[in-house]
Amino acid sequence: MNPEDGTRVMTTTTRKSTHRKPLEILLEALVRVAGYSAVVFVALIFIFLMREALPTFNEISISELFSRRWYPIEDYFGTLPLLTGSLVITLGAALIAVPFGLMTAVYISEIAPRWLREFLKPLVEVLGGIPSVVLGFLGILVLAPLVREILHIPTGLTAFTGAVLLAGMAIPTIVSVAEDALDTVPKSYRDAALALGATRWQTIWRITVPAARSGVLTATMLGIGRAIGETMTVMMVTGNAPQIASGLSAIFMPLRTMTATIAAEMGEVANGSVHYHALFYIGLALFLISLTVNLTASAVLFRARRRSERLLS
Amino acid sequence: MHLSRYQTERIAFMVIGSATLLTVAPIIIVISAIFISGAEAISWEFIVEMPRDGMRAGGIWPAIVGTTYLAIGTGLISVPLGLGAAIYLSEYARESAWTRTIRVAIVNLAGIPSVVYGLFGLGLFVLFLKLGSSIIAACLTLSIMTLPVIISTAEEALRAVPQSFRVVSIGMGGTRWQTIRRIVLPQAMPGILTGVILGLNRAAGETAPILFTGAAFFLPRLPSSIFDQTMALPYHLFVISTQVPGMPLQIQYGTASVLLVFVLTMNILAASVRSWQRRKRQW
């Protein structure tokens, strides 16, 4: 079914045969406005972030903005520790979430028997629905003490703890997008491989996964995007110390992310102060990062769809 | 050592199977652990009483009511808007650079970090429009955040209605709007409902967007108007687990359980609507 054809049928008939009532014209106009709303909102978000963030550049020099010390009470506004904090925790989360998420997607889509699949899919969806504060709450009460005792470190509120929980938040996204991608690989591909004598694993590894690779890539990117933007969980379990991550041991030390900084400090700053503008500047940076991740992800998907249309036609 | 391809297969399946187990087992453990520890705290009084003694005793009624208000208010704004956008995309718009822009915008809205929504809500609704930190400002912020979920699920549901249904209705002399209103929407309703539930679920569970737009740290009464601040379950859980020293563990687990029940009920509701839809579908 091609939705395009139907639309065309409808427009021509409408033009010829109908006397639209004023109410219908009004409703159709409203629907049109609603359709544009998403674009308007993205623009509004950008404009209002800019409006509050731009004064930062007059108030704080660029070199200071990228210096190594974030201590707003004494007017140190170096965002470098927050940036590296976000990077380290996101990277840690990705290292856990990507392999586990992709393997779970492969298992659910290709290996699991039907009954197990019907059980696992909703379960992963439930994980996606758990509010981030609940995960943070468990992180404080269960995971952090565990990390502290097993690793013999002074506090369990570390980047590692945050990364594990963030992985939990990213996994549902990765699993569902990757599983969708694996699902759309035509059955004929698998049948052909199996008929040629390949084992099921060879089919998965050499045929199905490569055929779904753009979807798998998108899944990875969206999962990572989710991890960068997560706020409450990291604020609760990473110890919130704005220090520069140096070396591998940094993963077992307290860190602070960009998102947690905004959430923790915005409640206490005076509107219009330097600190207030600096927090908006961090928000603008987060907005631009998520924009980049999502634009790339949708470009990859779009190209993949065109390619598969060519292949199948 | 050389493995036969069947041995490789067995090893690969074992690795993937155990990775899956490691992924899903914690979900079950986590949820049951919260419910087991929370069960002791939950009583009728815990649900319907005001918090007392700096939240260390009493119930969580204002937080439950607050979250319900926020979910309903968000729905009142985002459902008409999201449904309208979905109708536009599925029934009116043709593929063009402009609709592609709209789609890209929707994807981007879905990806914006929740705390950035909070900043935006603070900048636009609380300060610029002078709504103050209030239920209405929080609902508006949450509405924009849930919009992409509602638009994409509703559009998918509308597109799933076979083209022949529309063609027949138009052929019988129905106007385009009558076709949408009487034929397409009723057929797509279960799918739309699923999206609405999932979207509101997200709104009810989020904390970061309402931090600076309407959530009250402690408010031992129910909000009196939409310009009042309100307590909310997720923010309350955050407060009692990090900001209040000497908080009894029981109350913390109890609050987490109530929040989880809230969220899981909505999830189950969405899942049952979906399966009901599959059964009654006429095409």
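Just so it is clear, the structure is predicted and the values come from calculations on it, not from any experiment. Each chain has its residues counted from 1, following the order in which its sequence is written. All chains are assigned letters beginning with A, and all ligands numbers beginning with 1, in the order in which they are written. Where local features are concerned, this predicted model is filtered to residues with pLDDT of at least 70; where side-chain atom pairs are given and counted, the filter is 80 or more; whole-chain, interface and lining totals use all residues. Only hydrogens and water are removed before side-chain values are computed, so all heavy atoms of the structure are retained for them.

A common measure of how large an interface is: the accessible area buried when the components associate. With 83 residues of chain A in contact, the opposing surface of chain B contributes 85 residues. Buried area counts how much accessible surface, traced with a 1.4 Å probe, disappears from two parts once they are put together, with both parts' losses summed. Taking both partners together, chain A and chain B bury about 7700 Å²; carbon and sulfur atoms supply 78% of that area. A pair is scored as a salt bridge if a Lys or Arg side-chain nitrogen falls within 4 Å of a carboxyl oxygen belonging to Asp or Glu. Our count for the contact surface shared by chain A and chain B stands at one salt bridge. Here R274 of chain B makes a salt bridge to E125 of chain A, at a shortest N to O gap of 3.6 Å. The numbering of helices and of strands both runs from the N terminus, where a helix is a DSSP run of H or I of at least 4 residues and a strand a run of E of at least 2. Ranked by residue count, the leading element in the side of chain A that touches chain B is helix 2 (residues 22-53) of chain A, at 18 residues. In this classification, the charged set is Asp, Glu, Lys and Arg, the nonpolar set is Ala, Val, Leu, Ile, Met, Phe, Trp, Tyr, Cys and Pro, and all remaining amino acids, among them Gly, are polar. Looking at the side of chain A that touches chain B, its residues break down into 53 nonpolar, 21 polar and nine charged. Pairs of residues are marked as contacts when any of their non-hydrogen atoms sit within 4.5 Å.

All names here are of chain B. Angles here are taken between N-to-C directions and fall from 0 to 180 degrees, while the axes themselves are lines fitted to C-alpha atoms, restricted in helices to the stretch in contact. The interhelical angle for the contact between helix 3 (residues 61-92) and helix 10 (residues 233-243), taken along N-to-C directions, is 140 degrees, at an axis separation of 8 Å. Classified by the angle between their axes, helix 3 and helix 10 sit oblique to one another. In contact with A63, I64 and T67 of helix 3, helix 10 contributes L233, P234 and H236. Across the contact of helix 3 with helix 10, the residue classes tally to four nonpolar, two polar and no charged. Every angle not falling under 35 degrees, over 145, or within 65 to 115 is termed oblique; those three ranges are roughly parallel, roughly antiparallel and roughly perpendicular.

Moving on to the domain arrangement of chain A. All names here are of chain A. Looking at chain A, the domain boundaries give domain 1 (3-53) and domain 2 (58-312). Domain ranges listed in this record stem from an automatic or a database domain assignment. A straight line from the C-alpha centre of domain 1 to that of domain 2 covers 34 Å. Taken together, the eight residues of domain 1 in the interface contact eight residues of domain 2. Between domain 1 and domain 2, roughly 710 Å² of surface is buried when both sides are summed, and carbon and sulfur atoms account for 81% of that area. Of all residues in domain 1, L49, E52 and A53 bury the most surface against domain 2, accounting for 68% of the area lost on that side. Inspection of the domain 1/domain 2 interface yields zero salt bridges. Two N or O atoms count as a polar contact when they lie within 3.5 Å, although within protein this holds only if one can serve as hydrogen donor and the other as acceptor, and sequence-adjacent residues are included solely when both atoms are side-chain atoms. Summed over the shared surface of domain 1 and domain 2, the result is one residue pair in polar contact (both at pLDDT 80 or more). Of the residues in the side of domain 1 that touches domain 2, the class split is seven nonpolar, no polar and one charged.

Before going further, it helps to spend a moment on the environment of L65 of chain A. Residues and elements named next belong to chain A. Relative to the elements of secondary structure, L65 occurs in helix 4 (residues 62-65). Any residue under 20% of the maximum accessible area for its type is buried, any over 50% is exposed, and the rest in between are partly exposed; the area is computed with a 1.4 Å probe on protein chains only. Residue class for L65 comes out buried when judged on its relative accessible area of 0%. For the pair L65 and I174, spaced 109 residues apart in sequence, the C-alpha separation works out to 34 Å.

What follows is about the side chain of T257 of chain A. Residue and element names in this part refer to chain A. Assignment of secondary structure puts T257 in the loop between helix 12 (232-237) and helix 13 (258-265). By relative accessible area, which is 3% here, T257 ends up buried. One polar contact links T257 to T259, side chain to side chain, over a distance of 3.0 Å. Contact partners of T257, with chain neighbours within four places excluded, come to L82, G85, S86, I89 and V234.

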